[in-house]
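Architecture and fold: a report
Residues per chain, in single letters:
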Amino acid sequence: MQPSLFPASPTLTVGELMRHLKALLATDEVVQNLWVRGEVSNFTRAASGHLYFSLKDGESAVRCVMWRPAAQGLLRRPVDGDAVRALGSIGLYEVRGDLQLVVEELQFDGVGALWRQFEALRARLGAEGLFAPERKRPLPLFPRSIGVVTSETGAALQDILRTLRLRWSLAQVVLCPCQVQGAEAPAQIVAAIRALGGVPDVDVIIVARGGGSIEDLWAFNEEVVARAIYASPVCVISGVGHETDTTIADFVADYRAATPTAAAAHASPDQREIMRSLHDMQSRLWLAMDSRITERAGQAQILKRALARLTPQAQIDRSRQRIDDQVRVLTRASQHRLQVLHERVASRRGHLSALNPQAILARGYALVRKNGQSVTRVKQVAPGDPISVTVSDGSFEARVEPV
Amino acid sequence: MPKSKAPSFEESYKELDETVQKLEAGELTLEDAISLFEHGMQLAAQLEKQLEQAELRVRRLKPAALDAETFEQDFGAQDDEA
């Protein structure tokens, strides 16, 4: 600053100062797009998903913020002590007057080599067919024993046991404790998987570890572990780290669960559901039995009716009915015949009246009787015999005269 | 896989399922239906009992020596009581 002849330096409000500095920073090409190398400290992750930390070296520190969209692109979350390189630009946080590096990208020094190794192994094993979907084995429906490969002291074991106790307490857990991080871990994990594969009744093996940094989880990216999972005679479920962590073990496992808890849930049926299905099957048994009985009862009714038709009483009843029917038929027939007779008689009566002797007498003929006998021939009488003569309106007595 | 003498839960469960289906399919004499029904109810009751009485057992296996010892003590059982 040049000393002024007029010592009246400008007076700015804090806000004005901040705006001025921001404008200065915004026009500086160096601080607008730069890589900063340092060690992570005071790392925190806000509920909003933004990351706050400092980068420091032996002499100084700079505050850093990584907004959520950029943070989501991270391969893993940084932890204090990580040596990193951060790409970003320097801004000013007016509220506190702090300078901060707004980080767009974060690279882990020393980890880059691990990731290259990871990708190379993944490509090689993938090409060899270790991840092929068609070789994934089916999960047991009702596992008898569940093998668990994890640390005896870790939270993962507690999560697994708690989940299995709730879901499938019928099972037996066979725990094969091992270190899950560090130099010894890969060999111990391999030994545990092999040992459990040879235990009778172990139907499924859970390989699990709680969350941690990429270095912590590295044992699950070792080729020997991948090959042990591949060679396991029973189905393997992996549950390593948190949702966002993926290891080579996850690719080889028959099922990949996001967490140890999820792995336990995957390995087991839900006994509350099984209980419900048992109740359901009992209801179905009752219903089916009921309809079998109803069916049989219906058939019994039909048989009963058929049988009733064969009793002697029924036969008598039927004969009686047949007789009744015939009587009815006969009656109807005889009535008809009587009527015919009646008619015939009536017509004969007409003929008979034509033969009535009275009508003949009326025509002038006379009926001669001797001692009550009709006289039809001359020889029947002698002269002097008394005779009776009947004409149409009465009779008179007479005497035969000699001829 | 080696099989124990007593039928496993899975075997009994499958048998129950088949029994129910057979009974539902019909075409049985009444005697067969009754014996299927009784068998099914027996299986269901036995499976239910197994589930009700089940308690997770935890066994510890030492990979080095392959000598298994059974833990009667449960790991963190208190957590689940709540």
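Keep in mind it's a predicted model, so treat the numbers as computed, not measured.

**Concerning the packing of aromatic side chains**
All names here are of chain A. Considering all chains together, one arrives at 9 aromatic pairs over all chains under this definition. With centroids separated by 5.4 Å and ring planes inclined at 25°, the aromatic side chains of F142 and W168 adopt a geometry described as stacked. Here F142 is found in the loop between α4 (111–128) and β6 (145–150), whereas its partner W168 is found in the loop between α5 (155–167) and β7 (172–177), with 26 residues between them in sequence. For the residue pair F142 and W168, the accessibility class agrees, reading buried in each case. Between R85 and the ring centre of W35, over which it is positioned, the NZ or CZ distance is 4.5 Å.

**Description of the sheet that holds strand β4 (residues 83–93) of chain A**
Residue and element names in this part refer to chain A. The 5 strands are arranged β1-β2-β3-β5-β4 in a closed barrel whose pairing can be described as mixed. Taken pair by pair, the neighbouring strands of this sheet meet at an average axis angle of 50°, ignoring direction. Sheet topology note: the strand β3 (residues 61–66)/strand β5 (residues 98–108) ladder contains 3 bridges and is parallel. Across the sheet, the residue bridging to R63 is Q100, located in β5. Lying on the sheet, helix α1 (residues 14–26) is in contact with β4 and β5; it crosses β4 at an angle near 135°.

**Here we look at the nonpolar core**
In this structure, F9(B), L16(B) and L23(B) are the most contacted members of the largest nonpolar core, which totals 45 residues. Take this core: its biggest share by element is 8 residues, from helix α2 (residues 30–53) of chain B. Setting aside chain neighbours within four positions, we find L16(B) in contact with L278(A), M281(A), L285(A), G40(B), L43(B), A44(B) and L47(B). Membership of the second largest hydrophobic core comes to 40 residues, among which are I189(A), L217(A), F220(A) and I248(A).

**Observations regarding the pattern of salt bridges**
The tally for this structure, following the rule as stated, stands at 18 salt bridges over all chains. Residues E152(A) and R60(B) are paired through a salt bridge, measuring 2.6 Å at the closest nitrogen-oxygen approach. Residue E152(A) is located in the loop between β6 and α5, and its partner R60(B) is located in strand β1 (residues 57–62); the two belong to separate chains. Take E152(A): its relative accessible area is 27%, and that puts it in the partly exposed class. A salt bridge links R284(A) to E24(B); its shortest N-O distance comes to 2.8 Å. On the criterion of chain membership, the pair formed by R284(A) in helix α10 (residues 271–308) and E24(B) in helix α1 (residues 9–25) is interchain, its members lying in two chains. Because the salt bridges share partners, they merge into one network encompassing R124(A), E128(A), E223(A) and R227(A).

**Observations concerning the confidence of the model for chain B**
Residues and elements named next belong to chain B. Of all residues in chain B, 70% have pLDDT values of 70 or greater, and the mean over the chain is 75. Element-level mean pLDDT values for chain B span from 39 in helix α3 (residues 78–81) up to 92 in α1. Note that residues 65–82 has pLDDT below 50 and, in this model, 29 contacts with residues that lie over four places away or in other chains.

**Here we look at the interface of chain B and chain A**
The interface of chain B with chain A comprises 45 residues on the first partner and 44 residues on the second. Between chain B and chain A the total buried area reaches about 4,400 Å² when both faces are included, carbon and sulfur atoms providing 66% of it. The tally of links between chain B and chain A comes to 2 salt bridges. For the interface between chain B and chain A, the tally reads 13 residue pairs in polar contact (both at pLDDT 80 or more). Contributing elements (two or more residues each) for the side of chain B that touches chain A: α1, α2, β1 and α3 of chain B. The biggest single contributor to the side of chain B that touches chain A is α2(B), with 13 residues. Taken together, the residues that form the side of chain B that touches chain A break down as 26 nonpolar, 7 polar and 12 charged. Alignment of β7(A) against β1(B), held across 4 bridges, turns out to be parallel. Bridge pairing in β1(B) links L175(A) to R60(B).

**Details of the packing of α10(A) against α2(B)**
Taken N-terminus to C-terminus, the directions of α10(A) and α2(B) make an angle of 165°; their axes are 10 Å apart at the nearest point. Taken together, the axes of α10(A) and α2(B) lie roughly antiparallel to each other. The hand of the α10(A)/α2(B) crossing is left-handed. Touching Q271(A), I274(A), M275(A), L278(A), H279(A), Q282(A), L285(A), W286(A), M289(A), R292(A), I293(A) and R296(A) of α10(A) are L30(B), A33(B), I34(B), F37(B), G40(B), M41(B), A44(B), A45(B), L47(B), E48(B), L51(B) and E52(B), all from α2(B). Residue composition of the contact of α10(A) with α2(B), grouped by class: 16 nonpolar, 4 polar and 4 charged.

**With respect to the side chain of D254(A)**
Residue and element names in this part refer to chain A. As for its placement among the helices and strands, D254 is situated in the loop between α8 (248–252) and β10 (255–257). Using a relative accessible area of 4% as the deciding quantity, one classes D254 as buried. In terms of polar contacts, D254 uses its side chain to reach the backbone amide nitrogen of R137, at 2.8 Å. A distance of 2.8 Å separates the side chain of D254 from the backbone nitrogen of V236, its partner in a polar contact. Not counting the four nearest positions on each side in its chain, D254 is found in contact with R135, K136, R137, V234, C235 and V236.

Basis of the calculations
Residues numbered from 1 in each chain as written. Chains lettered and ligands numbered in written order. Predicted model: local features only at pLDDT ≥ 70, side-chain atom pairs only at ≥ 80, totals over all residues. Heavy atoms only, no water. Phe/Tyr/Trp six-rings, centres within 6.5 Å; stacked < 30°, edge-to-face > 60°. Helix = DSSP H or I, 4+ residues; strand = E, 2+ residues; numbered from the N terminus. Buried < 20%, exposed > 50% of the residue type's maximum accessible area, 1.4 Å probe, protein only. Lys NZ or Arg CZ within 6 Å of the ring centre and 35° of its normal. Pairing = 2+ DSSP bridges. Axes fitted to C-alpha atoms, helices over the stretch in contact; angles between N-to-C directions. Contact = heavy atoms within 4.5 Å. Core = buried A, V, L, I, M, F, W, Y, C linked by side-chain atoms within 4.5 Å. Salt bridge = Lys/Arg side-chain N within 4 Å of Asp/Glu carboxyl O. pLDDT = per-residue confidence, 0-100. Buried area = accessible area lost by both parts, 1.4 Å probe. Polar contact = N/O pair within 3.5 Å; in protein donor to acceptor, adjacent residues only side chain to side chain. Nonpolar A, V, L, I, M, F, W, Y, C, P; charged D, E, K, R; others polar. Parallel < 35°, antiparallel > 145°, perpendicular 65-115°, else oblique. Left-handed = near helix turned anticlockwise from the far one by under 90°.

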